[in-house]
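# Geometric and topological summary
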Amino acid sequence: MKKCTVTVLFFCLFISTANAARLHPEGFYVEWWCNQYGGEIEHVFEDQTRADCLLPYSVVEFDFADKWYEAVGQSLHYGINARRPAEIVLIVEDYDSDMKYLQRLYRAKRYYGLPIIIRPLFVDSSGSPYEVLP
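So, a few notes on the structure that sits alongside this text. (Residues numbered from 1 in each chain as written. Predicted model: local features only at pLDDT ≥ 70, side-chain atom pairs only at ≥ 80, totals over all residues. Heavy atoms only, no water.)

## Re the pairing of strand β1 (residues 40-44)
As a reminder of what qualifies: When DSSP finds at least two bridges between two strands, those strands are taken to pair. Helix and strand assignments follow DSSP, with helices taken as H or I runs no shorter than four residues and strands as E runs no shorter than two, numbered in order from the N terminus.
In this structure, β1 lies alongside strand β2 (residues 50-54), joined through 4 bridges in antiparallel fashion. Residue pairing in the sheet places glutamate 40 in a bridge with leucine 54 of β2. The hairpin formed by β1 and β2 contains 5 residues between the paired strands, and glutamine 48 there has a positive phi angle of roughly 70°.

Rendered as structure tokens:
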């Protein structure tokens, strides 16, 4: 019983530590960005999958930089369901450590010719998100 309790406590500590590394939850960024562009947050498709933001001209998947590879598959799937171009808003909370993930995403897009629009979303030192538009 004691071993089980220690295991559960360790697991809970691990989970809370993993989430504590983020400045804000993903939903904070989705709401901030999608509202600026007049999109629909958490659009549910017929297959019960949920796109983070549905715009009149595209469908957008949000993810933290270190989860870029998950965003690729999800965005393409939502693009098919919405019959619209797929976009990824990659959340870059820590510029120095997260830029390698953004570069990996761009490299995969180029190498495979993926039809995905990439929109990095940066976070300043006060925790406020901002975009750098081309």
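Having seen the structure, we can now continue with the description.
## Quick notes on the packing of aromatic side chains
How we decide: Centres within 6.5 Å are what make two rings of Phe, Tyr or Trp a pair, Trp counting through its six-membered ring; a difference in plane orientation under 30 degrees is then read as stacked, over 60 as edge-to-face, and the rest as tilted. Think of it in three bands: residues with accessible area under 20% of the maximum for their type are buried, residues over 50% are exposed, and the middle band is partly exposed, with areas taken using a 1.4 Å probe on protein chains only.
Counted according to the given criterion, the structure contains 9 aromatic pairs. Aromatic pair tyrosine 29 and phenylalanine 64: ring centres 6.1 Å apart, planes at 85°, arrangement edge-to-face. Here the residue tyrosine 29 occupies a position in helix α2 (residues 26-36), and phenylalanine 64 occupies one in strand β3 (residues 59-64), the gap between them amounting to 35 residues. Classification of tyrosine 29 by relative accessible area gives buried; the value is 0%.

## Structural notes on the nonpolar core
How we decide: Joining through side-chain atoms within 4.5 Å is the link that ties buried Ala, Val, Leu, Ile, Met, Phe, Trp, Tyr and Cys residues into a set, and such a set is a nonpolar core. We call two residues in contact whenever any of their non-hydrogen atoms come within 4.5 Å of each other.
Ranked by size, the top nonpolar core spans 17 residues in total, and within it Trp68, Val72, Ile88, Leu90, Leu105 and Ile116 carry the most contacts. Among the secondary structure elements, those contributing two or more residues to this core are α3 (68-82), β4 (86-92), α4 (95-112) and β5 (116-123). Ranked by residues supplied to this core, first place goes to α4 with 5 residues. When near neighbours in sequence (up to four residues on either side) are disregarded, isoleucine 116 contacts Val72, Ser75, Leu76, Ala86, Glu87, Ile88 and Lys109. Core analysis: the second largest hydrophobic core is formed by 13 residues, Tyr29, Val30, Leu55 and Val123 among them.

## Brief notes about the sheet that holds β2
Definition in use: Throughout, an axis means a line fitted to C-alpha atoms (over the contacting stretch in the case of helices), and angles, computed between N-to-C directions, take values from 0 to 180 degrees.
With mixed pairing, the 6 strands of this open sheet are ordered in space as β1-β2-β3-β4-β5-β6. Taken across any chain shown, the strands that pair with only one partner, and hence form the sheet edges, are β1 and β6 (129-131). Across this sheet, the average inter-strand angle for adjacent strands is 40°, counted without regard to direction. Sheet strands touched by α2: β1, β2, β3, β4, β5 and β6. Its angle to β3, the strand with the most contacts, is close to 145°.

## Here we look at α3
Filter applied, for reference: A helix is expected to reach a length of 1.5 Å times the quantity of its residues less one. As used here, the arc belongs to the directions running from the helix axis to the C-beta atoms.
Over its 15 residues, α3 extends 21 Å from the first C-alpha to the last, a length consistent with the 21 Å expected when each residue adds 1.5 Å. Listing the buried residues of α3 in full gives Trp68, Ala71, Val72, Ser75, Tyr78, Gly79 and Ala82. All buried residues of α3 lie within an arc of 145° about the axis, which places them on one face of the element. Backbone geometry just downstream of α3 places arginine 83 in the positive-phi region, at approximately 55°.

## A word on unusual backbone geometry
In the Ramachandran plot, glutamate 42 falls in the positive-phi region, its phi being about 55° despite a non-glycine side chain. Of note, glutamate 42 is situated in strand β1. Positive phi is not limited to glycine here, since glutamine 48 has a value of about 70°. Using a relative accessible area of 59% as the deciding quantity, one classes glutamine 48 as exposed.

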